Every structure is written in C-alpha cells, then in structure tokens.
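# Reading the structure
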Number of protein chains: 2
Amino acid sequence: MIGYAPSIQRLINALARLPGIGEKTATRLAMHILNSSTDEAENLAHSIIGVKKSIQFCSICFNLSDSDPCSICASSDRRTDEVCVVEEVNDLMALERSGFKGRYHVLHGALSPLQGIGPNDIRINELVERVKDGPVNEVILATNPNTQGEATALYISRLLKPLGAKITRIAFGIPMGGDLEYVDEVTMLRSIEGRREI
Amino acid sequence: MIGYAPSIQRLINALARLPGIGEKTATRLAMHILNSSTDEAENLAHSIIGVKKSIQFCSICFNLSDSDPCSICASSDRRTDEVCVVEEVNDLMALERSGFKGRYHVLHGALSPLQGIGPNDIRINELVERVKDGPVNEVILATNPNTQGEATALYISRLLKPLGAKITRIAFGIPMGGDLEYVDEVTMLRSIEGRREI
C-alpha cells in the first residue's frame, strides 16, 4: 500500500496534532488546503507564524496582546480600581462581551494540586503585587465554578483580604433563558443561597 | 468591547475558513497554536506552504504527488493493464488500503449537470487517451454509488466499450459485518441483483 504523497502526509500529521482534529478531519482539511488558492494557504501559514511572533503577555494584566500594555490596560475608558480575575484569555473575552468596564487579571490557569499546579505556577503573585501597588478597590473573582476554580478563588481571597480591598465572587445560579425543570441540584442550591431581595 | 489582539483575530479568521471549523473551534485551535512551541507552529505553517509548492498532478493517473509520475505509476510492482477509475484521491487511498495492485485514474470529480460539471471538466478525455495508447485490459469503474457517480460510470463505459477494453464496475451490496435487518432497500436490491453462485 502506498499512502499520500510525503508533503500531504506531513500536513495531515501536523493538522492532526491540533486538539479535536483526528486523522480523518486532518485529511479533509489538508485536501481543502490543497484545493484552495495559494493566497489563502499562505495567509493561513503566515497567520500561524505571525501569532507566535507578535503575541506577548501584557505586563499589567497578562492578557495576550500585540502590544504592551494591552489595549484594555492602555484604554482611558476603563475603571482602573476594579480588577476582574479570570483563568484564561477566553474567559476575559466572554466578560468583554457582557460589557464589563473594569480591568482584568489573567491567571493563565487555576490551582490544581492533582495536576501539580500550585500558586507559583499561575499569576497569583503578580495579582497580589498589583493590589498592593495600585489603587484597587474591588477584586472580582471570576474563576470557573468547578473544584479548581473555587479553590483558586478561595486561595486568592485569603491572600488579598488583609490588603484591604473588597473581594467579590461572580454570581452563580440559573442561567437566563434556562428552565428550572432541567437545572441540576448544585446550581439550584447556589441559586437559592444567592437569592436577593427585590 | 475590545476583542482579541489583531494577530490572534487574523489567525482565528483564517482557521474559520476551513471546512467544518466554526468560530468557536477556530478560537480553540488558535489558542492551542499560541500555547504550543514555536517549532510546532512553524512545522504546521511550513507544511501548509510546502504542500502548495510541491504537490502536482501525476501526468499518467492524475494522483496528487510530490513527483511525476507518482509513486504508484512509477512502481514496477503494479499491474499496468488494470486501471481503476476513481473520483477523488481519497477514494484512491481507500482502494490502496484494500490491497489493490493495479493502477488508478483520478477523475477529480464526477459528472453533475446540475452543478455544471460536464465531461470536459473532469479527467475523462485523458482516460480515453490512456486506454487508446496503452495496453489496458480492464478498466474498473470505482466511482461512488450515487447519482453523479453512477452517471459518470455509465458515460465512461459507453466511451470506452468501442476501444475493446473490458469495463467492470465494483460490486455494491451488504457491507461486511453489516446487519441485514438495517440495510436500506436500494442496497438490498443491489445485493440480490449482484448475487453469485457459491
């Protein structure tokens, strides 16, 4: 049996290393790239090289950015005394879509003793320094509502409380448009615990 | 709202143009590329450029190949008088996996009047020339068992019959390991029509 030409096979292998892309999808993508224009293929290749070359961490919030500080930290429209702590850049983007107007701090991970991720492996020390240095009135902990995220939020709140800043956690409960009938019991409990007077 | 850094957004857009990759998957892939090593990202980028530069059609069978003729046509192990006609390179690979030891002819498409694909848009003329020129005893039509594939097989068989070569069509029926209970009626009919004495 003779397989694909070596350069096609090389591309299939490289694509199949991406998450969620198996060999069949990689083959389909490789064939699409082969059939697309040279311009389009080069645009994709140059985007890949470009992103590795130009992206760096913002020295203030550790967002991924082409510039330092990032466009959010550099913006004069933002409340600088409100820092929202997130695990990943994707979470930051989700908050941006909601219209949040403070600043961020990206941890790049969450505490996970089982995976050997401790406080020094994520950007917690940098957050503590930032709260010590700057005028930060409120730190909003927006880590994920799972074991690691909750542990990270608790750990950070204990570190920051002595510094005098107000520490808050985002609310968890029934999602808007959700159906009470199908809500799991943990979410329902959180929703009742977090009830507010109207 | 401030979005991803321009170079990340450019990569997301380029990835989202690939088939079956939406914006969410493209974002996940872009983040993976950002987090992977520079070597790995460059390998992917260079594979994309490499495949566009080095891949050409084999002048005999129109397989995609780094060399001309392709490794299958150049091999001395192959029966040169048996030509298996397929629609796409992927179909050729499926036949290779079965251990077929003849040669191929890749049409790069199938006749489809509705989509405006006529005999001159796919490699039918080249197949006719090949059968005329070379010692070809048997042409095996392995186009897909759908309207376009069947029409293409019929069209080619009518063109090639007068040239004296034996024209055959691959068998259609119940797949091995399949369950008769769940076989659709068209496949079942084909299976009965194609019955053989044992």
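Residues numbered from 1 in each chain as written. Chains lettered and ligands numbered in written order. Predicted model: local features only at pLDDT ≥ 70, side-chain atom pairs only at ≥ 80, totals over all residues. Heavy atoms only, no water.

## Describing the relation of the copies chain B and chain A
Of the transformation placing chain B onto chain A, the axial shift is 0.0 Å and the rotation is 179 degrees, giving an RMSD of 0.1 Å. On the angle and the small slide along the axis, the relation comes out as a two-fold axis. Taking the C-alpha atom as reference, chain B places alanine 45 of chain B closest to the rotation axis, 2.1 Å from it. (Least-squares fit on C-alpha atoms with pLDDT ≥ 70 in both.)

## Let's talk about the domain arrangement of chain A
If you check the domain split of chain A, you get domain 1 (6-54) and domain 2 (79-179 + 185-191). Taking the mean C-alpha position of each, domain 1 of chain A and domain 2 of chain A sit 35 Å from one another. (Domains from an automatic or database assignment.)

## Brief notes about the sheet that holds strand E6 (residues 166-169) of chain B
Residue and element names in this part refer to chain B. In space, the four strands of this open sheet follow the order E4-E3-E5-E6, with parallel pairing throughout. Only two strands of the sheet have a single neighbouring strand rather than two, namely strand E4 (103-106) and E6. This sheet shows a mean twist of 25 degrees between the axes of neighbouring strands, independent of strand direction. (Pairing = 2+ DSSP bridges. Helix = DSSP H or I, 4+ residues; strand = E, 2+ residues; numbered from the N terminus. Axes fitted to C-alpha atoms, helices over the stretch in contact; angles between N-to-C directions.)

## Concerning the environment of tyrosine 4 of chain A
One can find tyrosine 4 of chain A in the segment before helix H1 (6-16). Residue tyrosine 4 of chain A is classed as buried on the basis of its relative accessible area of 15%. Spatially, the C-alpha atom of tyrosine 4 of chain A lies 9.7 Å from that of threonine 27 of chain A, the residues being 23 residues apart in sequence. Look past the residues within four positions of tyrosine 4 of chain A in its chain and what remains in contact with it is Gln9, Ile12, Thr27 and Met31 of chain A together with Val89, Asn90 and Met93 of chain B. Within the structure, tyrosine 4 of chain A has its side chain in polar contact with the side chain of asparagine 90 of chain B (distance 3.1 Å). (Buried < 20%, exposed > 50% of the residue type's maximum accessible area, 1.4 Å probe, protein only. Contact = heavy atoms within 4.5 Å. Polar contact = N/O pair within 3.5 Å; in protein donor to acceptor, adjacent residues only side chain to side chain.)

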